[in-house]
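Structural overview for review
Here are the chains, one letter per residue:
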Amino acid sequence: MFEEIFDNVRKKSPLVHNITNYVTVNDCANVLLACGSSPIMADELEDAVEITAICGGLNINIGTLNQRTIPAMFASGKQANELGHPVVLDPVGAGASTLRTETALGLLKEVKFAVIRGNISEIKTLGLGSGTTKGVDADAADKVTEENLDGTLSFAKDFARRTRAVIAITGAIDIVTDGERTFCIRNGRPEMSAITGTGCQLSALTAAFVTANPDQALEAAAAAVCAMGLCGETAYQRMTNLDGNSSYRNYIIDAMYRLTPAELERGANYEVR
Amino acid sequence: MFEEIFDNVRKKSPLVHNITNYVTVNDCANVLLACGSSPIMADELEDAVEITAICGGLNINIGTLNQRTIPAMFASGKQANELGHPVVLDPVGAGASTLRTETALGLLKEVKFAVIRGNISEIKTLGLGSGTTKGVDADAADKVTEENLDGTLSFAKDFARRTRAVIAITGAIDIVTDGERTFCIRNGRPEMSAITGTGCQLSALTAAFVTANPDQALEAAAAAVCAMGLCGETAYQRMTNLDGNSSYRNYIIDAMYRLTPAELERGANYEVR
Amino acid sequence: MFEEIFDNVRKKSPLVHNITNYVTVNDCANVLLACGSSPIMADELEDAVEITAICGGLNINIGTLNQRTIPAMFASGKQANELGHPVVLDPVGAGASTLRTETALGLLKEVKFAVIRGNISEIKTLGLGSGTTKGVDADAADKVTEENLDGTLSFAKDFARRTRAVIAITGAIDIVTDGERTFCIRNGRPEMSAITGTGCQLSALTAAFVTANPDQALEAAAAAVCAMGLCGETAYQRMTNLDGNSSYRNYIIDAMYRLTPAELERGANYEVR
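Residues numbered from 1 in each chain as written. Chains lettered and ligands numbered in written order. Predicted model: local features only at pLDDT ≥ 70, side-chain atom pairs only at ≥ 80, totals over all residues. Heavy atoms only, no water.

**Overview of the overall build of chain A**
Check the secondary structure of chain A and you find eleven helices and nine strands. The C-alpha radius of gyration computed for chain A amounts to 17 Å, which stays within 12% of the reference 19 Å derived for 273 residues, consistent with globular compactness. In terms of overall dimensions, chain A has a C-alpha envelope of 45 × 40 × 35 Å along the principal axes. Buried residues in chain A amount to 67% of all 273 residues. Put simply, 73% of the contacts in chain A that link residues at least 6 apart link residues at least 24 apart. Carbon together with sulfur atoms contributes 49% to the accessible area of chain A, which is approximately 8,700 Å² in total. (Helix = DSSP H or I, 4+ residues; strand = E, 2+ residues; numbered from the N terminus. Rg over C-alpha atoms; globule rule 2.2 N^0.38 Å. Buried < 20%, exposed > 50% of the residue type's maximum accessible area, 1.4 Å probe, protein only. Contact = heavy atoms within 4.5 Å. Areas by Shrake-Rupley, 256 points an atom, 1.4 Å probe, with all protein chains shown as cover.)

In structure tokens form, the structure reads like this:
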């Protein structure tokens with residue numbers, strides 16, 4: 001299944017509009033190119049709405065949001081909705097500041113998202129109003145473990161049903177659910193969290209996968225999560241004892257460039273619940 | 001000839017002011033350092049005009065333009081003109097949105113450019129009002145091939161004469177013309193388009209080359225195009241079967257850092273028409 | 001001593017708020033992660049003050065400053081002061097434009113800094129009103145050498161006493177002083193200046209080190225300077241004859257990721273005056 005989904009990305013080369021932070025934007029662009037998609041960035045209201053219209057999908061990432069870019073997020077989100085383009089939300093740092101939390105909640109009210117992807121603290125902030133986001137990383141207290149997995153699953157499913165979005169909570173165990181079916185994914189490496197923006201990259205990737213597979217948002221999001229994690233594994237095998245997080249970042253994007261649909265099918269490590 | 005031109009860059013170490021997008025700005029800075037130039041970025045109106053004055057050249061790139069940076073582009077462009085500094089325009093995404101197209105056209109009216117560098121769709125948008133820009137990449141329909149090369153050459157020459165700028169259209173075959181003489185360049189690798197910002201890097205590089213060779217804008221722009229393409233070739237030879245677009249990006253900048261003027265002279269692959 | 005200081009960074013994993021330029025921000029984030037710290041970026045007034053409050057330290061870097069981010073710098077700086085969080089200033093390009101110089105001078109008036117780190121031209125601009133900043137690099141005329149070292153030391157000490165900040169002037173010889181004691185540091189490689197943002201990275205690193213060692217700002221800043229220089233040395237040994245400034249950038253961050261507190265203790269090359 002993931003083979004066909006990834007194949008669609010490579011064949012259709014979806015054009016994805018990203019309104020995203022300036023910290024990890026270059027990596028987002030390169031990982032989109034690596035997976036076969038084509039990125040464009042535009043965050044000025046006047047420009048963004050028109051760029052949304054020529055693209056196939058939209059990725060909204062609220063890291064380094066500001067009063068100039070927030071209106072572009074809302075307007076592009078609505079524009080994409082009108083055109084039937086899938087929209088992904090990455091609520092970076094929701095729970096860490098009022099502006100981030102309220103912008104994310106406002107977007108949830110006014111824009112229909114295909115996928116919402118974040119760490120557990122960010123998603124809890126949006127779903128329960130109670131996340132304890134530590135900056136842009138998930139708080140240890142929120143961590144998804146084998147022990148609290150069932151509880152997290154039912155929270156995620158409930159949030160998916162309420163938002164009518166696929167919810168992707170990523171961490172040591174990744175959860176991707178549409179409220180009915182859930183993928184529990186165990187790809188990836190803990191060292192990925194020592195690279196800035198692997199989450200941002202995954203959200204961009206998810207937008208590309210969903211754009212190329214509009215009728216299978218759940219499977220496409222799960223495939224993107226598996227692909228990112230699998231590239232983290234492949235890239236890790238390449239690490240020498242001189243390499244650190246900067247080379248690892250390059251190797252992960254390289255791995256995405258080299259990944260074939262068949263390899264994704266074989267390497268994806270998940271169970272459906 | 002290119003040997004001397006590149007030697008001037010390395011010897012004079014021109015300070016280049018860049019008003020550019022936040023997606024590829026880091027790579028632009030590193031490729032400028034790699035070629036021997038010194039980059040500075042400033043995009044706030046008040047700051048930019050003064051920075052333009054202390055620099056030798058200016059590179060205006062309209063990717064991720066906004067209402068705050070557009071006035072800086074106009075003011076710095078005029079400032080550079082008054083001081084006789086060369087200005088390069090990279091009309092990223094012209095044709096993809098009204099704001100981009102009109103900003104580029106407005107800049108063409110109010111600023112005298114030494115070089116305008118873009119892909120064929122962007123340049124057609126500016127020259128004919130008819131490009132079919134697909135996001136930030138050239139549209140397949142616009143592609144320069146051996147078959148339509150003559151027609152593209154005469155369009156480029158005409159546009160160069162009208163703007164009194166050197167026009168650099170880059171793609172599989174690169175065209176650099178001042179309206180009289182034209183360099184057709186066949187350096188480079190198709191894989192370069194899988195890296196975000198190789199075009200932006202080339203525009204920054206062009207600004208450095210023209211700044212160090214102010215009386216030879218045509219030759220300097222052609223040398224920059226050859227240098228970037230040649231580095232793409234050299235870097236490609238270094239690729240292993242684990243490397244992808246992220247390592248390739250690093251290798252290209254590395255290759256520029258290592259490139260000697262004599263190697264550029266030898267490796268440049270062009271004909272003058 | 002540096003062993004314990006670096007150990008504190010790795011153990012406490014300080015959360016550092018960065019208001020910084022968009023050119024080198026990704027490298028700043030990755031070098032913070034490499035040293036064991038956790039970065040967050042926020043530059044919108046409303047967002048920034050709240051983010052400052054949840055962080056342990058603040059790094060203000062004025063490269064690509066603008067009218068939107070300047071108020072955030074002032075407000076976050078004051079907020080950090082009120083909360084007793086250490087604040088680092090990197091006055092990128094002070095002396096190159098009025099806006100940069102005046103913003104840096106204004107910040108010095110209204111915010112108490114733990115550390116001010118810059119090149120000699122930037123620091124002279126702030127301390128004497130007479131630096132001759134060439135863009136974002138130190139001017140050759142200002143260069144710290146064995147010959148003018150004593151004079152530079154007494155200027156730095158005087159500036160430290162006046163600002164009650166640790167002053168870190170980095171270049172071929174690095175000077176770190178609190179006005180009483182001074183570290184003269186000889187780690188590093190000249191090739192580091194061919195990478196954009198090694199100075200920005202060092203300022204971010206310094207914020208992490210000082211945040212994890214709040215009662216030893218002088219030693220923490222000196223340890224950060226030694227760590228960055230040492231990583232420049234280690235990374236240089238790894239360079240092949242194909243590598244250039246882009247790979248070197250990656251290798252330095254990798255080296256920071258691998259650096260142990262004991263290695264820092266052994267490799268730090270300094271004298272205390």
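**Description of the relation of the copies chain A and chain B**
Here chain A sits on chain B after a turn of 120 degrees about the axis and a move of 0.0 Å along it, with an RMSD of 0.0 Å. The superposition operator between the copies reduces to a three-fold rotation axis. When C-alpha positions in chain A are compared against the rotation axis, the closest is assigned to Y22 of chain A, at 3.6 Å. (Least-squares fit on C-alpha atoms with pLDDT ≥ 70 in both.)

**Re empty space enclosed by the protein**
Under the definition given, this model contains two cavities of 30 Å³ or more. Considered as a void within the structure, the largest cavity measures approximately 390 Å³ in volume. Lining the largest cavity are 39 residues, and of these Y22 of chain A, Y22 and R68 of chain B together with Y22 and R68 of chain C sit closest to its centre. Its residues assigned to classes, the lining of the largest cavity shows twelve nonpolar, 21 polar and six charged. There is about 160 Å³ of room inside the second largest cavity. Lining the second largest cavity we find 19 residues, and of these N26 of chain A, V23 and N26 of chain B together with V23 and N26 of chain C sit closest to its centre. Among the residues making up the lining of the second largest cavity, the classes are represented as nine nonpolar, four polar and six charged. (1 Å grid on protein atoms, 1.4 Å probe; cavity = no way out; pocket = protein on both sides within 12 Å on 5 of 7 lines; lining within 4 Å. Points joined across faces, edges and corners; volume = space filled by probe spheres on them. Nonpolar A, V, L, I, M, F, W, Y, C, P; charged D, E, K, R; others polar.)

**Digging into the environment of E110 of chain B**
Residue and element names in this part refer to chain B. Positionally, E110 belongs in helix α5 (residues 98-110). Residue class for E110 comes out partly exposed when judged on its relative accessible area of 42%. Residues E110 and A48, 62 residues apart in the sequence, show an inter-C-alpha distance of 17 Å. Setting aside residues no more than four positions away along its own chain, E110 makes contact with F74, K78 and N81. Separated by 2.8 Å, the side chains of E110 and K78 make a polar contact. (Polar contact = N/O pair within 3.5 Å; in protein donor to acceptor, adjacent residues only side chain to side chain.)

**Section: the confidence of the model for chain A**
For chain A, per-residue confidence averages 96 on the pLDDT scale, and 98% of positions sit at 70 or higher. For this predicted complex, the interface confidence comes out at an ipTM of 0.96, alongside a pTM of 0.97. (pLDDT = per-residue confidence, 0-100.)

**Things to note about the interface of chain A and chain B**
The interface is formed by 31 residues belonging to chain A together with 32 residues belonging to chain B. Taking both sides of the interface into account, the surface hidden between chain A and chain B amounts to around 2,700 Å²; carbon and sulfur atoms contribute 47%. In this assembly, chain A and chain B are joined by two salt bridges. Put simply, D47 of chain A and R100 of chain B hold a salt bridge, and the shortest N to O gap is 3.0 Å. Joining chain A to chain B, the criterion identifies 22 residue pairs in polar contact (both at pLDDT 80 or more). Looking at the side of chain A that touches chain B, the elements with two or more residues in it are α2 (25-35), β2 (38-41), α3 (45-54) and α10 (245-258) of chain A. The element best represented in the side of chain A that touches chain B is α2 of chain A, accounting for seven residues. Its residues assigned to classes, the side of chain A that touches chain B shows 14 nonpolar, seven polar and ten charged. (Buried area = accessible area lost by both parts, 1.4 Å probe. Salt bridge = Lys/Arg side-chain N within 4 Å of Asp/Glu carboxyl O.)

**Section: the interface of chain C and chain B**
Counting from both sides, the interface comprises 32 residues of chain C and, opposite them, 31 residues of chain B. When the two sides are added together, the surface that chain C and chain B hide from each other amounts to roughly 2,700 Å², 48% of it contributed by carbon and sulfur. Summed over the shared surface of chain C and chain B, the result is two salt bridges. At the boundary of chain C and chain B, one finds 22 residue pairs in polar contact (both at pLDDT 80 or more).

**Considerations on the pairing of strand β5 (residues 115-118) of chain A**
On any regular strand, side chains alternate: one points to one face of the sheet, the next to the other face. Residue and element names in this part refer to chain A. Going residue by residue along β5, you find V115 and R117 tucked away on one face and I116 and G118 tucked away on the opposite face as well. Judged from the four bridges that link them, β5 and strand β6 (residues 166-169) form a sheet pairing that is parallel. When the sheet's bridge partners are listed, I116 is paired in β6 with I167. (Pairing = 2+ DSSP bridges.)

**Some words on the packing of helix α4 (residues 69-83) of chain B against α5 of chain B**
When two helices pack together, their arrangement is given by the angle between the helix axes and by the axis-to-axis distance. All names here are of chain B. For the pair α4 and α5, interaxial distance at closest approach is 10 Å and the crossing angle is 20 degrees. The orientation of α4 with respect to α5, classified from their angle, is roughly parallel. In this structure, α4 meets α5 at a crossing whose hand is right-handed. From α4, I70, M73, F74, K78 and N81 reach across to α5, where they touch L99, T103, G106, L107 and E110. The class makeup of the residues in the contact of α4 with α5 is five nonpolar, three polar and two charged. (Axes fitted to C-alpha atoms, helices over the stretch in contact; angles between N-to-C directions. Parallel < 35°, antiparallel > 145°, perpendicular 65-115°, else oblique. Left-handed = near helix turned anticlockwise from the far one by under 90°.)

**A look at the relation of the copies chain C and chain B**
By a simple turn and slide, chain C fits onto chain B: the slide is 0.0 Å along the axis, the RMSD is 0.0 Å, and the turn is 120 degrees. A distinct binding surface is used by each copy, with only 9% of the interface residues of chain C retained as interface residues in chain B.

**Considering the sheet that holds strand β9 (residues 270-272) of chain B**
All names here are of chain B. Here nine strands make up an open sheet; going across it, the order is β2-β1-β3-β4-β5-β6-β7-β8-β9 and the pairing mixed. Of all the strands in the sheet, the pair left with one neighbour each is β2 (38-41) and β9. Across the sheet, the axes of successive neighbouring strands diverge by a mean angle of 15 degrees, strand direction being ignored. Direction of pairing for strand β4 (residues 87-90) relative to strand β5 (residues 115-118): parallel, over a ladder of two bridges. If you follow V88 over to β5, its bridge partner there is V115. Across the face of the sheet, α4 comes into contact with β1 (15-19), β3 (57-61) and β4 while running at roughly 155 degrees to β3.

**What about the nonpolar core?**
Residues F209 of chain A, F209 of chain B together with F209 of chain C are the most contacted members of the largest nonpolar core, which totals 286 residues. When residues no more than four places from it in sequence are discounted, the contact partners of F209 of chain C are I5, F6, V9, C35, A220, A223, A224, A227 and L264 of chain C. (Core = buried A, V, L, I, M, F, W, Y, C linked by side-chain atoms within 4.5 Å.)

**Quick look at helix α7 (residues 149-163) of chain C**
Residue and element names in this part refer to chain C. Between the first and last C-alpha of α7 there are 21 Å, a value that for 15 residues agrees with the 21 Å anticipated at 1.5 Å per step. Among all positions in α7, only L149, T152, L153, F155, A156, F159, A160 and T163 are buried. Looking straight down α7, one finds its buried side chains confined to an arc of 165 degrees; they lie on one side. In this structure, the buried side of α7 is in contact with α5 (98-110), β5 (115-118), α6 (120-128), β6 (166-169), β7 (174-177) and β8 (182-185). (Expected span 1.5 Å × (residues − 1). Arc of directions from axis to C-beta.)

**Looking at the sheet that holds β6 of chain A**
Residues and elements named next belong to chain A. Strand order in the open sheet made by the nine strands is β2-β1-β3-β4-β5-β6-β7-β8-β9, with mixed pairing throughout. The open sheet is flanked by β2 and β9 (270-272), the only strands paired with a single partner. Each strand of the sheet is rotated relative to its neighbour by a mean of 15 degrees, with strand direction disregarded. One ladder, built from four bridges, connects strand β3 (residues 57-61) with strand β4 (residues 87-90); its direction is parallel. Bridge pairing in β4 places I60 opposite L89. Here helix α4 (residues 69-83) sits on the sheet and contacts β1 (15-19), β3 and β4; the angle it forms with β3, its principal contact strand, is near 155 degrees.

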